[in-house]
Amino acid sequence: MFVFAKKADLAHHLAQIGNTKKTVGLVPTMGALHQGHLSLLSKSCSENDITVISIFVNPTQFNNQEDLEKYPRTIERDIEKVRSVSENILIFSPTVEDIYEGNTQSVAFNYDGLEFQMEGAHRPGHFDGVGTIVKKLFEIVKPTNAYFGEKDFQQLQIVRKLVKKHKIPVNIIGCPIHREASGLAMSSRNERLSEEAKEDASLIYKVLLDAKQKFSTKSAKEVTDFVTQTFAKHPAFTLEYFEIADETTLLTCKRKSVGKKYRGFIAVFINNIRLIDNIALN
Ligand code: PAF
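Rules of the game
Residues numbered from 1 in each chain as written. Predicted model: local features only at pLDDT ≥ 70, side-chain atom pairs only at ≥ 80, totals over all residues. Heavy atoms only, no water. Helix = DSSP H or I, 4+ residues; strand = E, 2+ residues; numbered from the N terminus. Expected span 1.5 Å × (residues − 1). Buried < 20%, exposed > 50% of the residue type's maximum accessible area, 1.4 Å probe, protein only. Contact = heavy atoms within 4.5 Å. Axes fitted to C-alpha atoms, helices over the stretch in contact; angles between N-to-C directions. Parallel < 35°, antiparallel > 145°, perpendicular 65-115°, else oblique. Left-handed = near helix turned anticlockwise from the far one by under 90°. Nonpolar A, V, L, I, M, F, W, Y, C, P; charged D, E, K, R; others polar. Phe/Tyr/Trp six-rings, centres within 6.5 Å; stacked < 30°, edge-to-face > 60°. Lys NZ or Arg CZ within 6 Å of the ring centre and 35° of its normal. Polar contact = N/O pair within 3.5 Å; in protein donor to acceptor, adjacent residues only side chain to side chain. Near = heavy atom within 4 Å. Areas by Shrake-Rupley, 256 points an atom, 1.4 Å probe, with all protein chains shown as cover. Pairing = 2+ DSSP bridges. Right-handed = clockwise from strand over helix to strand, strands pointing away.

Caption draft 1: Structural view of helix H2 (residues 35-47). Helix length check: H2 (13 residues) gives 18 Å between terminal C-alpha atoms against 18 Å at 1.5 Å per residue, within 8%. Among all positions in H2, only Gly36, His37, Leu38, Leu40, Leu41 and Ser44 are buried. Contacts made by the buried residues of H2 are with strand E2 (24-29), strand E3 (50-55), helix H4 (75-85), strand E5 (145-149) and strand E6 (171-175).

Caption draft 2: Fine view of the packing of helix H7 (residues 126-141) against helix H8 (residues 153-165). One can describe the packing of H7 onto H8 by two numbers: an axis separation of 10 Å at closest approach and a directional angle of 55°. In terms of orientation, H7 lies oblique with respect to H8. Crossing geometry of H7 relative to H8 is assigned as right-handed. Residue-level inspection shows Phe127, Val130, Gly131, Val134, Lys135 and Phe138 of H7 in contact with H8, the latter providing Gln154, Gln155, Ile158, Val159, Leu162 and Val163. Classifying every residue of the contact of H7 with H8 gives 8 nonpolar, 3 polar and 1 charged.

Caption draft 3: Local environment of the packing of aromatic side chains. Per the stated rule, a full pass over the model turns up 7 aromatic pairs. Between Phe2 and Phe4, the aromatic rings sit 5.9 Å apart at their centres with planes inclined by 10°, giving stacked as the arrangement. Ring plane angle 20° and centroid distance 5.6 Å describe the contact between Phe109 and Tyr111, whose orientation is recorded as stacked. Taking relative accessible area as the criterion, Phe109 reaches 11% and is therefore assigned buried. The exposure class assigned to Tyr111 is buried, which follows from its relative accessible area of 1%. Across from the ring centre of Tyr205, 3.7 Å away, lies the NZ or CZ of Arg179, which sits over that ring.

Caption draft 4: Summary view of the environment of Glu115. Relative to the elements of secondary structure, Glu115 occurs in the loop between helix H5 (96-100) and helix H6 (118-122). Residues within four places of Glu115 in sequence aside, it is in contact with Phe109, Asn110, Gly120, Ala121, Phe127 and Ile158. Within the local environment of Glu115, its side chain forms a polar contact with the backbone nitrogen of Tyr111, the two atoms lying 3.2 Å apart.

Caption draft 5: Focus on the site of the ligand. All residues adjacent to the ligand are Pro28, Thr29, Met30, Asn58, Gln61, Ile133, Phe148, Asp152 and Gln155. Contact distances for the ligand include 2.6 Å between an oxygen atom and a side-chain N or O atom of Gln61. Interatomic distance of 2.6 Å between a side-chain N/O atom of Gln155 and an oxygen atom of the ligand. In isolation the ligand has 290 Å² of accessible area, and contact with the protein removes 89% of it. Of the residues belonging to the shell around the ligand, the class tally is 4 nonpolar, 4 polar and 1 charged.

Caption draft 6: The arrangement of the sheet that holds E6 in detail. The 6 strands lie next to each other as E1-E4-E3-E2-E5-E6, forming an open sheet whose pairing is parallel. Edge strands, defined here as strands with exactly one partner in the open sheet, are strand E1 (2-4) and E6. With direction set aside, neighbouring strand axes in the sheet form an average angle of 25°. Where E3 meets strand E4 (residues 90-92), 3 bridges bridge the pair, whose relative direction is parallel. When the sheet's bridge partners are listed, Ile53 is paired in E4 with Ile91.

Caption draft 7: Structural context of the sheet that holds strand E7 (residues 237-246). Ordered in space as E7-E8-E9, the 3 strands form an open sheet in which the pairing is antiparallel. Strands with a single pairing partner mark the edges of an open sheet, and in this sheet they are E7 and strand E9 (273-280). Averaged over all adjacent pairs, the angle separating strand axes in this sheet is 15°, with direction ignored. Of the pairings in the sheet, the one linking E7 to strand E8 (residues 262-270) comprises 9 bridges and is antiparallel in character. Paired with Asp246 across the bridge in E8 is Tyr262. Its contacts with the sheet place helix H10 (residues 203-215) against E7, E8 and E9, and it is angled at close to 30° to E9.

Caption draft 8: Representation of the pairing of E2. For E2, a buried count of 6 out of 6 residues is recorded, marking the element as mostly surrounded by other parts of the structure. Of the two faces of E2, both are covered, the one formed by Val24, Leu26 and Pro28 as well as the one formed by Gly25, Val27 and Thr29. Note: E2 against E3, 6 bridges, orientation parallel. In the strand pairing of E3, Pro28 is matched with Ser54. With H2 bridging E2 and the parallel E3, this β-α-β connection has right-handed handedness. In this structure, E2 lies alongside E5, joined through 2 bridges in parallel fashion. Pairing of Leu26 across the sheet is with Ala146, part of E5.

Encoded structure:
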């Protein structure tokens, strides 16, 4: 099992094993790996000659210092989980210094407005940080394919925009959300939830399913009001937003248009822990 802490060592190893003649799959993560990540790894292993997973808690995408400090870091456990998928996966677990070389700053990106919606509106600078690290990882690993979960659907669309605008030769592959038996979307942040909060949090998916059902007969505003009112009744939750948006432009749906694909997007706090989820509505 190879674990690289330095980008130069990983790049050297990839060059030695002839990466330019082989397909390379990259799974970018911030660690605290769960079944969702492992399914991305399995998919990458089945579709590429070489698979690299990056495990790096990227400071520039956190707009909240406490969130950054409390983000779970479980590298030993993560290595074992990667090993359970395949011994051949290359792990890249760099330090902040190795990645940012003393300049821990984001580059400002223009994603044609995708960055001003939802997560972008509530987490200023977040997508500049994501773009900065993802672009750096693409430059280091030069992957053929890169795998991202649909739980961060807005991030997935932003990464697609990034590679298109910067003409980066990589296929971006979106993969379905993995859920606990309760319906709770798998997330590294779930590690911070108490058992009780985890149980409560299963309401999120139940409400999204109800919203999907209602969306076939009701207006976007009626569905949004239903979700807002449901969470207002539950003291454990503070709803940050629920938005019905066009899947491609991420613009809020004011009135449904035939032929457009819509998704419901939610961000909610439970015990001060922020969870996001989304669902295809039509
Ligand atoms: O989705 C994540 O875990 C992160 O945003 C990513 C893509 C690994 C960049 O740090």
